[in-house]
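Chain residues, written in single-letter form:
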Amino acid sequence: MGFARHVGQISLLTVRIVMAVLQGGVSIKMIFTQAYEQGIGSLPLVLVTAVLSGIVTSQQGGYQFSSSVPLYVLGSVVASSVVLELGPVMTAFVLIGRVGARITAEIGTMAVSEQVDALVSLGRDPVPYLAAPRVLASMVVTPVLVGVANAVGVLTGLLAARATMGLGPEGFLYGARLYWHSWDLLYSLAKAFVFGFTIPIISVHMGLITHGGAEGVGRNTTTSVVFMIITVLVVDATFPPLFLN
Amino acid sequence: MAEEAMIAYEDVHKRFDTPVLSGVSLNVVRGETISILGTSGTGKSVLLKTTIGLITPDRGDVKIDGESVYHSSRTGIRALRRTVRYVFQYAALFDSLNIYDNVAMGLDPETIKTLDKKVMLERIANSLENVNLDPGKVLSKLPAELSGGMRKRVGLARAIVGEPRIILYDEPVTGLDPVNAATVNRLIMSIAERTKVTSIVVTHDIEGALEMSHRVALLDNGKLRFIGTPGEFRQSEDPLVMAFADRQAAARAALKLIEHETSDDDNEPGSAHAVSIGV
């Protein structure tokens with residue numbers, strides 16, 4: 001029952017955001033501000049995650065393949081793993097922790113301190129003011145961050161393969177190209193786009209329904225993070241049967 | 001005073017876990033200042049929030065100038081909201097905006113588009129001056145950099161900058177020391193006198209309410225228990241009104257006693273910190 005209510009409220013919030021965009025009620029400046037905060041602010045952590053993902057995948061793959069299959073296959077494994085899975089999902093997890101939690105806590109604090117009520121009383125709709133800029137910015141920024149994470153992950157995978165397995169860039173890239181589908185990148189960015197929508201829409205919704213003072217903000221932020229992680233994993237599991245088969 | 005009802009609460013019911021408002025009907029006359037008193041949890045703030053749709057009643061209606069807040073078109077409700085401003089208990093200033101932007105939010109978005117920047121600055125500065133704040137000192141500050149009393153006054157400035165016809169005050173002196181509370185009460189009176197705005201004040205400050213209001217209402221268990229002039233309130237023989245007034249008197253006596261004890265403590269060496277904590 002509670003879950004259905006959340007889904008209904010999030011659907012309604014989505015419709016209201018679309019209406020606000022269509023009516024031109026969303027400030028471009030606010031979208032840019034949010035995009036900067038979400039994108040530039042998250043970039044260092046996304047890079048660290050991407051670097052480590054690339055290195056770990058390369059080392060694990062190299063360890064598994066060293067005596068069974070040609071080592072150049074490692075290029076394919078690293079490229080596919082990073083682009084199809086690790087790049088989008090690890091970036092999504094970073095954004096859940098850094099952006100999603102922040103949005104819920106920020107809007108939740110506004111809700112419990114009556115700032116959201118103040119907006120309404122001043123004739124401003126919280127949807128174009130608070131929700132739409134955050135959601136739109138994230139839908140633009142997340143695919144860009146995932147693109148960067150993919151490139152960095154594959155590059156560090158290449159470097160790690162050379163350093164630890166002795167596989168040169170030519171061999172790595174040969175393997176990567178051998179099993180590469182141009183659709184893979186689109187698949188990765190499409191996943192990022194969906195994550196870029198689900199993370200802020202859940203966090204904004206959980207922020208707006210916050211009540212009960214500081215305890216309420218803490219409770220809703222935790223619940224929001226749990227919802228976002230589960231949603232990202234469910235979306236991630238839904239993508240392959242829908243788009244890879 | 002003309003007897004035309006500007007705000008009409010018609011049989012307003014609201015229930016959360018338990019009933020909060022159980023059929024409140026009240027007419028507020030144009031230009032009138034009315035204070036709503038009552039113990040905590042009697043639905044005063046809920047009633048105030050139904051005036052602009054921050055809380056929707058389960059039953060009943062609220063009308064402003066004869067137009068329903070709940071059965072009007074979206075455009076109609078937006079137009080109604082433009083005429084009403086709400087002063088929140090803890091000011092509800094926007095943390096991320098400086099004082100200039102906070103007060104500017106009190107202007108209608110359409111008005112902002114048409115106003116020259118210089119004119120807008122002038123209007124915002126005037127509003128701040130009207131609540132005894134120095135624009136030069138506070139305009140660029142963030143709300144967190146101001147004291148509680150100053151934040152409340154910025155909240156007042158935000159309410160009056162758009163020249164509304166109705167101002168709703170939700171416990172405007174709660175959390176303030178007696179000096180700041182008196183200042184805020186005087187500001188509410190002077191705003192009402194100067195602008196002829198219709199005001200509804202939800203408060204626990206009975207002395208302030210009796211001083212500033214044309215009429216006083218007492219809510220009890222979600223129902224209107226008493227409505228009348230301050231004189232009628234003082235002379236009422238309704239046991240609850242008398243008990244309420246007595247409680248206020250008792251509270252004031254207790255406060256005086258505490259203040260007396262605090263000032264005694266303050267005279268002792270090493271107790272200077274108690275002053276700042278107490279204030």
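What you see is a predicted model; the values in this text were computed from it and never measured.

## Thoughts on the pairing of strand E10 (residues 223-228) of chain B
Each regular strand carries side chains that alternate between the two faces of the sheet. All names here are of chain B. Summarising the sheet, strand E9 (residues 215-220) and E10 pair through 5 bridges and their orientation is antiparallel. Counterpart to Val 216 in the pairing with E10 is Gly 228. As consecutive antiparallel partners, E9 and E10 are separated by 2 residues, and within that stretch Asn 221 has a phi angle of approximately 50°, a positive value.

## Brief notes about the interface of chain B and chain A
Facing 14 residues of chain B, the contacting portion of chain A comprises 9 residues. When residues in the side of chain B that touches chain A are grouped by element, the largest group, 3 residues, is from helix H2 (residues 74-82) of chain B. Split into classes, the residues belonging to the side of chain B that touches chain A amount to 9 nonpolar, 1 polar and 4 charged.

## As for the sheet that holds strand E8 (residues 198-202) of chain B
Residue and element names in this part refer to chain B. The strand order across the open sheet built from 6 strands is E6-E7-E8-E3-E9-E10, with neighbouring strands paired in mixed fashion. Looking at the sheet topology across the chains shown, the edges are occupied by strand E6 (84-87) and E10. Put simply, the sheet's adjacent strands are angled 15° from each other on average, direction ignored. Looking at chain direction, E6 and strand E7 (residues 166-170) are connected through 4 bridges and run parallel. Bridged to Tyr 86 within E7 is Leu 168.

## A word on the environment of Ile 10 of chain A
Residues and elements named next belong to chain A. By the element assignment, Ile 10 lies in helix H1 (residues 2-22). In the structure, Ile 10 is positioned 173 residues away from Trp 183 in sequence and 30 Å away in space, judged by C-alpha atoms. Residues contacting Ile 10, with those up to four places away along its chain left out, are Ile 201, Ile 202 and His 205.

## A word on the environment of Val 135 of chain A
Residue and element names in this part refer to chain A. Summarising the element assignment, Val 135 is placed in helix H5 (residues 126-165). Sequence separation between Val 135 and Val 234 is 99 residues, and the spatial gap between their C-alpha atoms is 20 Å. Not counting the four nearest positions on each side in its chain, Val 135 is found in contact with Ile 17, Phe 197, Pro 200, Ile 201 and Val 204.

Cut-offs used in this document
- Residues numbered from 1 in each chain as written.
- Chains lettered and ligands numbered in written order.
- Predicted model: local features only at pLDDT ≥ 70, side-chain atom pairs only at ≥ 80, totals over all residues.
- Pairing = 2+ DSSP bridges.
- Helix = DSSP H or I, 4+ residues; strand = E, 2+ residues; numbered from the N terminus.
- Contact = placed C-beta atoms within 7 Å.
- Nonpolar A, V, L, I, M, F, W, Y, C, P; charged D, E, K, R; others polar.
- Axes fitted to C-alpha atoms, helices over the stretch in contact; angles between N-to-C directions.

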